[in-house]
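# Descriptive analysis of the structure
Below are the chains, spelled out letter by letter.
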Amino acid sequence: MDQPLLAIFAIAVIAGLLASVAILRASRRPKESPFAAATEGSKRCPNCGLGNMSTDATCASCGTALPG
């Protein structure tokens, strides 16, 4: 192989590795939903903050009594 072709190949390999690292780092970030979560008809637990159904008497997560 001649020198210019080897240099181009090396640059392409480095660019591919950098792109792969960038893609992997971007995929690890938590993504927020663009849609709002519906909270109508739910009760928020005063202890842990979990949203429970309006018919629940206790929190599904921690068991604390829900208001109302």
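Residues numbered from 1 in each chain as written. Predicted model: local features only at pLDDT ≥ 70, side-chain atom pairs only at ≥ 80, totals over all residues. Heavy atoms only, no water.

## Quick notes on the overall build of the protein chain
Stated formally: Secondary structure counts use DSSP, requiring at least four H or I residues in a row for a helix and at least two E residues in a row for a strand, with both numbered from the N terminus. We take the radius of gyration over the C-alpha atoms and set the globule estimate at 2.2 Å times the residue count to the 0.38 power. Summary of the burial criterion: residues with accessible area below 20% of their type's maximum are buried, those above 50% are exposed, and those between are partly exposed, where the area comes from a 1.4 Å probe applied to protein chains only. Here, two residues are considered to be in contact whenever any of their heavy atoms come within 4.5 Å of each other. The protein chains shown are the only cover counted for residues, whose accessible areas, like all others here, come from Shrake-Rupley with a 1.4 Å probe. Only four residue types enter the tally: Lys and Arg on the positive side, Asp and Glu on the negative side; His and the chain ends are excluded. By convention, charge coordinates are those of NZ in Lys, CZ in Arg, CG in Asp, or CD in Glu.
What the protein chain contains, in helices and strands, is one helix and two strands. Listing the helices and strands of the protein chain from first to last along the sequence gives α-β-β. Relative to the 2.2 N^0.38 estimate, which gives 11 Å for 68 residues, the radius of gyration of the protein chain is 26 Å and therefore markedly larger than a compact globule would have. Projected onto its principal axes, the C-alpha positions of the protein chain cover 80 × 25 × 15 Å. Per-residue burial for the protein chain yields a buried fraction of 7% across its 68 residues. Considering only contacts in the protein chain between residues 6 or more positions apart, those separated by 24 or more positions represent 4%. By element, 64% of the accessible surface of the protein chain is carried by carbon and sulfur atoms, the whole surface being about 5,900 Å². The averaged location of the 4 negative side-chain charges in the protein chain is 7 Å from the averaged location of its 6 positive side-chain charges.

## What to know about the side chain of N52
Test applied: Counting of polar contacts relies on pairs of N or O atoms within 3.5 Å, with two restrictions inside protein: one atom must be capable of donating a hydrogen and the other of accepting it, and residues adjacent in sequence are counted only when both atoms are side-chain atoms.
Structurally, N52 can be placed in strand 2 (residues 51–53). Here N52 falls in the buried class, since its relative accessible area comes to 4%. A polar atom in the side chain of N52 sits 3.1 Å from the backbone oxygen of L50. At a separation of 2.9 Å, a polar atom in the side chain of N52 contacts the main-chain amide nitrogen of A60.

## Notes on a positive patch on the surface
This is how it is decided: A patch consists of residues exposed above 30% relative accessible area that lack any salt bridge, with like charges linked at up to 9 Å and nonpolar side chains (Val, Leu, Ile, Met, Phe, Trp, Tyr) linked at up to 5 Å. Whenever a carboxyl oxygen of Asp or Glu lies within 4 Å of a side-chain nitrogen of Lys or Arg, that contact is scored as a salt bridge.
Among the surface-exposed residues, R25, R28, R29 and K31 lie close enough to one another that they form a single positively charged patch. Its location among the elements puts R29 in the loop between helix 1 (3–28) and strand 1 (42–44). Accessibility expressed as a relative area gives 55% for R29, which makes it exposed.

## A few points about the confidence of the model for the protein chain
Under the convention used in this document: Residue-level confidence of the predictor is what pLDDT reports, using numbers from 0 through 100.
Of all residues in the protein chain, 91% attain a pLDDT of 70 or more, and the chain-wide mean is 87. When mean pLDDT is taken per element in the protein chain, helix 1 scores highest with 92 and strand 1 scores lowest with 87.

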